[in-house]
Amino acid sequence: MNAVEIKKDIYWVGVKDWNLKEFHGYSTPNGSTYNSYLIMDEKITLVDGVKHYMSHENIARIQSLTDFSKIDYIIVNHVEMDHSGNIPEIMKLAPQAVIVTNAAGKMALEAHFDTTGWNYQIVKTGDSLNIGKRTLSFMTTPMLHWPDSMMTYVAEDKLLLSNDGFGQHYATDALFVKEAPFDCVMQEAKSYYANILFPYGMQAEKALNTADSLGLDIEMIAPSHGCIWSGKEEVNAILNAYCKWASGQNEGKAVIVYDTMWGATAAMAEAAMSVFQDAGIPVRKHCLAVKNVSEVMVDFLDAKYVVIGNPTLNNQLFPRVAGFVTYMHGLAPKNKTAMCFGSYGWKAGVVKKIQEVYEDLGWTTVEPFEEKYTPKSDVLEKLKERVRELIAK
Ligand code: FEO
């Protein structure tokens, strides 16, 4: 198990989870990585751990560089178990090490693990830690992606160890973005933002502003998932993308999400799509029978218009539609103009549940549209009129 040097005396000692297909509800067809870094300075410093079931690889890579008894600090940027799962095992190997984290991180560690005997150094934004030739500084980034999240900056190397921020659930033989197809990495970063960080745009904007006000000069961003952004061009590309996503700006596109039992809502989705196409608005149409919710959510970053269609089943939302609406509600996209439609057999009205979610998210809406059984051409014309009303909002 080889460690990989990413800057002089700073090594990637992480692991690649090639077989990960799901991350707490987020479909991850391309796996993920849990990046952990070892800084071989006068004070040897480990930054973040990995998931518990891959601990042996992390440990082997660390041991290729140092004995655990020589580790001075373990920085815990985030306590979610994909980064902290093997910290108890590491602390057994390196009980002398001091855990460097923020107050919320300490509380979260104590809530997850038996931390008896662990020593801490608690830091907050602007605090620094000299480890020899380098001084590390810290920036708490609450809710990116948990209350305890923070990032570590190595000024001498112009390196930001950003944990979840700027990451991708993407396992590849490439360690650096420049070794991978750029569009694939950026698409994975976008998917990661849409499925993990979407609710926290305000906090992401705050973190970007804090980094600016601290005057961080960043030439490399090494996240704890996926590939490492190196060089100003790549760093600016991902920083600019985050600025855009966090601001809630969209590209004025439309996304239609539906499911269908006997083709009625599929026909309505088709009719709705034709209106966007006629208006010259780029539109994507996803049937939840074949599309995963995570794949669909990526399009919400670019969409101004959202249209969700439901086939009523036993007087309820269709289960896949209900699941999608719940997932989307939690991710809380902002600034959308939305409509819902549906078909029913004997009882109308269930699409109101979708409308209520739109209202809870503060979106602009038009009246829901429903039809009994199969929509005929005159009904589809009325639905199209409702979509035109939506576009005119
Ligand atoms: Fe990669 Fe929030 O953990």
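As a starting point, this report considers the structure included with it. Keep in mind that this is a model prediction, so the values were computed, not measured.

**Description of the layout of surface pockets**
Which parts of space are left empty comes out when a probe the size of a water molecule is rolled across the atoms. If you add up the space inside the largest pocket, you get close to 340 Å³. Surrounding the largest pocket, 22 residues form its lining, Leu208, Ala211, Asp212, Ile218 and Leu239 being those nearest its centre. Its residues assigned to classes, the lining of the largest pocket shows 15 nonpolar, four polar and three charged.

**Structural notes on the sheet that holds strand S8 (residues 44–47)**
Whenever strands of a sheet pair, they do so through backbone hydrogen bonds, lying parallel or antiparallel. What the seven strands build is an open sheet, ordered S1-S2-S7-S8-S9-S10-S11; its pairing is mixed. Each edge of the open sheet carries a strand with a single partner, namely strand S1 (4–7) and strand S11 (119–122). Taken pair by pair, the neighbouring strands of this sheet meet at an average axis angle of 30°, ignoring direction. Both S1 and strand S2 (residues 10–12) contribute to a ladder of three bridges, which runs antiparallel. When the bridges of S2 are listed, valine 4 appears paired with tryptophan 12.

**A short note on the pairing of strand S9 (residues 71–75)**
Where burial is concerned, most of S9 is hidden: four out of the five residues are buried. As defined by bridge partners, S8 adjoins S9 across four bridges and the pair is classed as parallel. Paired with threonine 45 across the two strands is tyrosine 73, which belongs to S9. In terms of strand pairing, S9 meets strand S10 (residues 98–101) through three bridges, oriented parallel. Across the sheet, the residue bridging to isoleucine 74 is isoleucine 99, located in S10.

**Describing unusual backbone geometry**
With a phi angle near 55°, asparagine 163 is a residue other than glycine that sits in the positive phi range. With respect to the helices and strands, the residue asparagine 163 is situated in strand S15 (residues 159–163). A positive phi is found at asparagine 315, a non-glycine position, where the angle reads about 65°. By secondary structure assignment, the location of asparagine 315 is in the loop between strand S20 (303–311) and helix H10 (319–331). Looking at asparagine 315, the relative accessible area reads 33%, which means it is partly exposed.

**A short note on the environment of aspartate 9**
On the secondary structure map, aspartate 9 appears in the loop between S1 and S2. For aspartate 9 and aspartate 41, which are 32 residues apart along the polypeptide, the C-alpha to C-alpha distance reads 7.1 Å. Beyond its immediate sequence surroundings of up to four residues, aspartate 9 is in contact with Leu38, Ile39, Met40 and Arg134.

**Overview of the pairing of strand S19 (residues 283–287)**
Taken together, the five bridges between strand S18 (residues 253–258) and S19 define a ladder with parallel strand orientation. Among the inter-strand pairings, alanine 254 is bridged to a residue of S19, identified as valine 283. Of the crossover connections in this fold, the one passing from S18 over helix H8 (residues 264–278) to the parallel S19 is right-handed.

**A look at the pattern of salt bridges**
Scanning the model with the defined rule gives 18 salt bridges in all. A salt bridge links aspartate 127 to lysine 124; the nearest nitrogen and oxygen atoms lie 3.4 Å apart. On the accessibility criterion, lysine 124 (53% relative accessible area) is exposed. Between arginine 386 and glutamate 389 there is a salt bridge, with the nearest N and O atoms lying 3.8 Å from each other. Placement of both arginine 386 and glutamate 389 in helix H12 (residues 377–392) is noted, with a separation of three residues, approximately one turn of the helix. A single salt-bridge network, built from bridges that share partners, covers Lys158, Asp217, Glu219 and Lys232.

**Looking at the sheet that holds strand S14 (residues 150–154)**
Pairing is mixed in the open sheet, where six strands are placed in the order S12-S13-S14-S15-S16-S17. With partners counted over all chains shown, the strands left at the sheet margins are strand S12 (128–130) and strand S17 (229–230), one partner each. Relative to strand S16 (residues 220–223), S15 runs parallel, the two sharing four bridges. Bridge assignment links leucine 160 to a residue of S16, and that residue is isoleucine 221.

**Observations regarding H12**
Between its first and last C-alpha atoms H12 spans 23 Å; for 16 residues at 1.5 Å apiece the expected length is 22 Å, and the two agree. Turning to H12, its buried residues are Val379, Leu380, Leu383, Lys384, Arg386, Val387 and Leu390. Projected onto a plane normal to the axis of H12, the buried residues spread over an arc of 155° and lie on a single side. Of the exposed residues in H12, those oriented more than 90 degrees away from the buried face are Ser377, Lys382 and Ala392. Close packing links the buried residues of H12 with H8, S20, strand S21 (337–344) and strand S23 (369–372).

Criteria and thresholds
Residues numbered from 1 in each chain as written. Predicted model: local features only at pLDDT ≥ 70, side-chain atom pairs only at ≥ 80, totals over all residues. Heavy atoms only, no water. 1 Å grid on protein atoms, 1.4 Å probe; cavity = no way out; pocket = protein on both sides within 12 Å on 5 of 7 lines; lining within 4 Å. Points joined across faces, edges and corners; volume = space filled by probe spheres on them. Nonpolar A, V, L, I, M, F, W, Y, C, P; charged D, E, K, R; others polar. Pairing = 2+ DSSP bridges. Helix = DSSP H or I, 4+ residues; strand = E, 2+ residues; numbered from the N terminus. Axes fitted to C-alpha atoms, helices over the stretch in contact; angles between N-to-C directions. Buried < 20%, exposed > 50% of the residue type's maximum accessible area, 1.4 Å probe, protein only. Contact = heavy atoms within 4.5 Å. Right-handed = clockwise from strand over helix to strand, strands pointing away. Salt bridge = Lys/Arg side-chain N within 4 Å of Asp/Glu carboxyl O. Expected span 1.5 Å × (residues − 1). Arc of directions from axis to C-beta.

Distances and angles like these do not, on their own, reveal function.
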